[in-house]
Amino acid sequence: MLLLNSQAKTYQEDPYVQQKRWTILVILNLFVFMSTLDSSIVNIALPEISKYLHLPIAKTEWVVSSYLIAICTLILFFGKLGDMFGKIKIFKIGTVIFLIGSLLCGFSTSLSWLVLFRIVQALGASMTMANSQGIVTDIFPAHERGKALGLVGTFVSLGAIAGPSLGGLLVSAFGWNYIFWVNVPIGLIAIAFAWRILPKDLTFLHVKFDIAGSLLFSISVISLFSGLLLGQQVGYSDIRILSAFALALICFIVFLRVESQKSEPMLHLSLFKNPLFSLSILVGFLVFVANFCFNIIAPFYTQDILHLSPLSAGFLLMLFPITMAIVAPLSGALSDKIGQELLTFIGLLVMVLAQFGLATLHDGSSITFVGVLVAMLGLGSGLFQSPNNSLVMSTAPRSMLGVVGSVNSLVRNVGMVVGISVATTTLFGVMSAKAGYRVTGLIPNRPDIFLDGMHVVFIGSASICLVCAFLTGWRLLKSRVSRDREILR
């Protein structure tokens, strides 16, 4: 049952909230950006962290993956909690926890401590990610919602993609610790504004919390991703890895069964009966898989194959977020006028061309050509993300905005983890086949073996984008046919 507080009005009827709505959006987007940034900014610092902690790259991947796994495990929980106890309240608490985790990460002196504090970070990040889109949908009127949600999607994608470039600049100038500490001063300023400007929660969903569903989902996610990541080190035929996959599958099947029988589940499976929602979620997931294949490979290609410094590599990879920052707001505004389907289709076609171009790179490729491909990837992502984000959230009833927002954030983060796993498993698998023995890192003086693996990874990510373009084109064609039939009637 959905209840309103004593004021009995919506945010759209509140003059103060409407006057401050764009300021509120900036505050929300700052934390959306930082929490998503921290899923990718570590990638370019992995070589430095590996040297500092005296670990192979395969082990330091846990610094990235632990953060993403924790978010995927917790995000539906906090989305439901936001609907029950107030999305703004949960968001505020999350901002504080995220900053504490960021501060502690920079002081870590071992892999164990760093992974632990990354999980603390993820706890706060999942609280903000799960509820930010629901808050925006609640506050903005319908005629501005596409633009506002588009900007949220822009900052999500910017955070995910800007990591390698911004991280390269910070590592070169200050050291790896500052990729975490940079959040603290920005976050403190944002918190000061957030606690003063964000309004009180108006809506609360008075239902029992789905403990069984939450536990089953958590076990399923942790088992799946632990199996994917550990399998890279011990092999996927290992009985422990196969057991982890089996446990993940069993728990997920039981989770779906439990959720389908509950009157107030953690995840309303009825949402997926809407084909527009389901297809937009699926394509959004696949795009993040493809982009994270680029994100995990690009730092090693630019630094170890092209022999660029972290600073130079950071500037080169910065072309992705810069291009996206310019294109995505325009795409979000344009989607309110001409519709979202066409823009998502065009964006995916551009991404297909860019990914196939990346599959042709070698140790003698010009920096200019690499820069053009990186910028094209940013252009395609900018055209795609904002309209697709708007499509997902436009399907949500008001009482489930927190859940839908958390599902949207969940699939993005799952896409990141899967992208990392697909890229590294494919890369090291091809490298191992070429080398004749098991490879879990770069081989000195053998760039050709790395390039062989990289080419297969990018052909795979290009194929993923091609599938997405086909699905989106099919949706666009069906939409056009339906409109033409309505006109004829």
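Since the structure is predicted, the reported quantities are computational estimates derived from the model, not experimental observations. (Residues numbered from 1 in each chain as written. Predicted model: local features only at pLDDT ≥ 70, side-chain atom pairs only at ≥ 80, totals over all residues. Heavy atoms only, no water.)

## Observations regarding the overall build of the protein
Phase 1 of the analysis: When its secondary structure is counted, the protein shows 18 helices and 2 strands.
Phase 2 of the analysis: Sequence separation of at least 24 residues holds for 84% of the intrachain contacts in the protein that already meet a minimum separation of 6.
Phase 3 of the analysis: For the protein, the exposed surface amounts to about 19100 Å²; the carbon and sulfur share of it is 69%. (Helix = DSSP H or I, 4+ residues; strand = E, 2+ residues; numbered from the N terminus. Contact = heavy atoms within 4.5 Å. Areas by Shrake-Rupley, 256 points an atom, 1.4 Å probe, with all protein chains shown as cover.)

## Some thoughts on the confidence of the model for the protein
Phase 1 of the analysis: Here the protein shows a mean pLDDT of 81. Residues at 70 or above account for 89%.
Phase 2 of the analysis: Taken together, the stretch residues 1-6 has pLDDT below 50 and engages in 19 contacts with residues farther than four places along the chain or on a different chain. (pLDDT = per-residue confidence, 0-100.)

## Quick word on the pattern of salt bridges
Phase 1 of the analysis: By the definition in use, this model includes 2 salt bridges.
Phase 2 of the analysis: Between R240 and D238 there is a salt bridge whose closest N-O contact spans 3.0 Å.
Phase 3 of the analysis: On the basis of relative accessible area, R240 is assigned to the exposed category, the value being 56%.
Phase 4 of the analysis: We note a salt bridge from D448 to R446, for which the minimum N-O separation is 2.8 Å. (Salt bridge = Lys/Arg side-chain N within 4 Å of Asp/Glu carboxyl O. Buried < 20%, exposed > 50% of the residue type's maximum accessible area, 1.4 Å probe, protein only.)

## Let's talk about the packing of aromatic side chains
Aromatic ring pairs are defined here through the distance separating the ring centres and the angle between the ring planes.
Phase 1 of the analysis: Summed over all chains, the structure comprises 13 aromatic pairs.
Phase 2 of the analysis: Plain terms: the ring middles of F107 and W181 are 5.0 Å apart, the flat faces sit at 55° to each other, and that makes the pair tilted. Here F107, found in the loop between helix 5 (87-106) and helix 6 (111-139), pairs with W181, found in helix 8 (residues 178-181); they are 74 residues apart in sequence, far enough to count as distant.
Phase 3 of the analysis: Taking relative accessible area as the criterion, F107 reaches 54% and is therefore assigned exposed.
Phase 4 of the analysis: Note on Y178 and W181: the rings are 5.1 Å apart at their centroids and 85° apart in plane angle, and the pair reads as edge-to-face. Here Y178 and its partner W181 are both found in helix 8, 3 residues apart, which amounts to about one turn of the helix.
Phase 5 of the analysis: Clustering of aromatic rings is evident, with ring pairs tying together F107, F174, Y178 and W181.
Phase 6 of the analysis: A cation sits over an aromatic face here: K92 above W195, 5.2 Å from the ring centre.
Phase 7 of the analysis: Here the guanidinium or amino end of R118 rests over the ring plane of Y67, the centre of that ring lying 4.3 Å away. (Phe/Tyr/Trp six-rings, centres within 6.5 Å; stacked < 30°, edge-to-face > 60°. Lys NZ or Arg CZ within 6 Å of the ring centre and 35° of its normal.)

## Thoughts on the layout of surface pockets
A probe matching the size of a water molecule, rolled over the atoms, marks out where space remains unfilled.
Phase 1 of the analysis: Reported here for the largest pocket is a volume of approximately 530 Å³.
Phase 2 of the analysis: F217, F252, L410, V411 and V414 are, among the 21 residues lining the largest pocket, the residues nearest its centre.
Phase 3 of the analysis: Those elements that provide at least two residues to the lining of the largest pocket are helix 10 (211-234), helix 11 (239-261), helix 12 (275-305) and helix 17 (401-435).
Phase 4 of the analysis: The residue makeup of the lining of the largest pocket, split by class, is 20 nonpolar, 1 polar and no charged. (1 Å grid on protein atoms, 1.4 Å probe; cavity = no way out; pocket = protein on both sides within 12 Å on 5 of 7 lines; lining within 4 Å. Points joined across faces, edges and corners; volume = space filled by probe spheres on them. Nonpolar A, V, L, I, M, F, W, Y, C, P; charged D, E, K, R; others polar.)

## Overview of a nonpolar patch on the surface
Phase 1 of the analysis: A cluster of nonpolar residues, V96, I100, L104 and W195, forms a patch on the protein surface that exposes about 340 Å² of accessible area.
Phase 2 of the analysis: Of all the elements, helix 5 adds the most residues to the nonpolar patch, at 3 residues.
Phase 3 of the analysis: In this structure, W195 sits in helix 9 (residues 183-197).
Phase 4 of the analysis: A residue is classified by how much of its surface remains accessible, and W195, at 46% relative accessible area, is partly exposed. (Patch = residues over 30% accessible without salt bridge, like charges linked within 9 Å, V, L, I, M, F, W, Y side chains within 5 Å.)

## What about helix 13 (residues 310-317)?
Phase 1 of the analysis: The set of residues buried in helix 13 consists of A313, G314, L316 and L317. Seen along its axis, helix 13 keeps its buried residues to an arc of 165°; they face one direction.
Phase 2 of the analysis: A distance of 3.1 Å separates the backbone nitrogen of S312 from a side-chain oxygen at the start of helix 13, and that oxygen is part of S309. (Arc of directions from axis to C-beta. Polar contact = N/O pair within 3.5 Å; in protein donor to acceptor, adjacent residues only side chain to side chain.)

## Notes on the packing of helix 12 against helix 13
In a pair of packed helices, the angle between the axes and the distance between the axes together describe the arrangement.
Phase 1 of the analysis: With their axes 9 Å apart at the nearest point, helix 12 and helix 13 run at an angle of 135° to one another. Overall, the two elements helix 12 and helix 13 adopt an arrangement that is oblique. The interaxial crossing formed by helix 12 with helix 13 has right-handed handedness. In this structure, helix 12 contributes F294, A298, P299, T302 and Q303 to the contact, and helix 13 contributes P310, A313, L316 and L317.
Phase 2 of the analysis: Residue composition of the contact of helix 12 with helix 13, grouped by class: 7 nonpolar, 2 polar and no charged. (Axes fitted to C-alpha atoms, helices over the stretch in contact; angles between N-to-C directions. Parallel < 35°, antiparallel > 145°, perpendicular 65-115°, else oblique. Left-handed = near helix turned anticlockwise from the far one by under 90°.)

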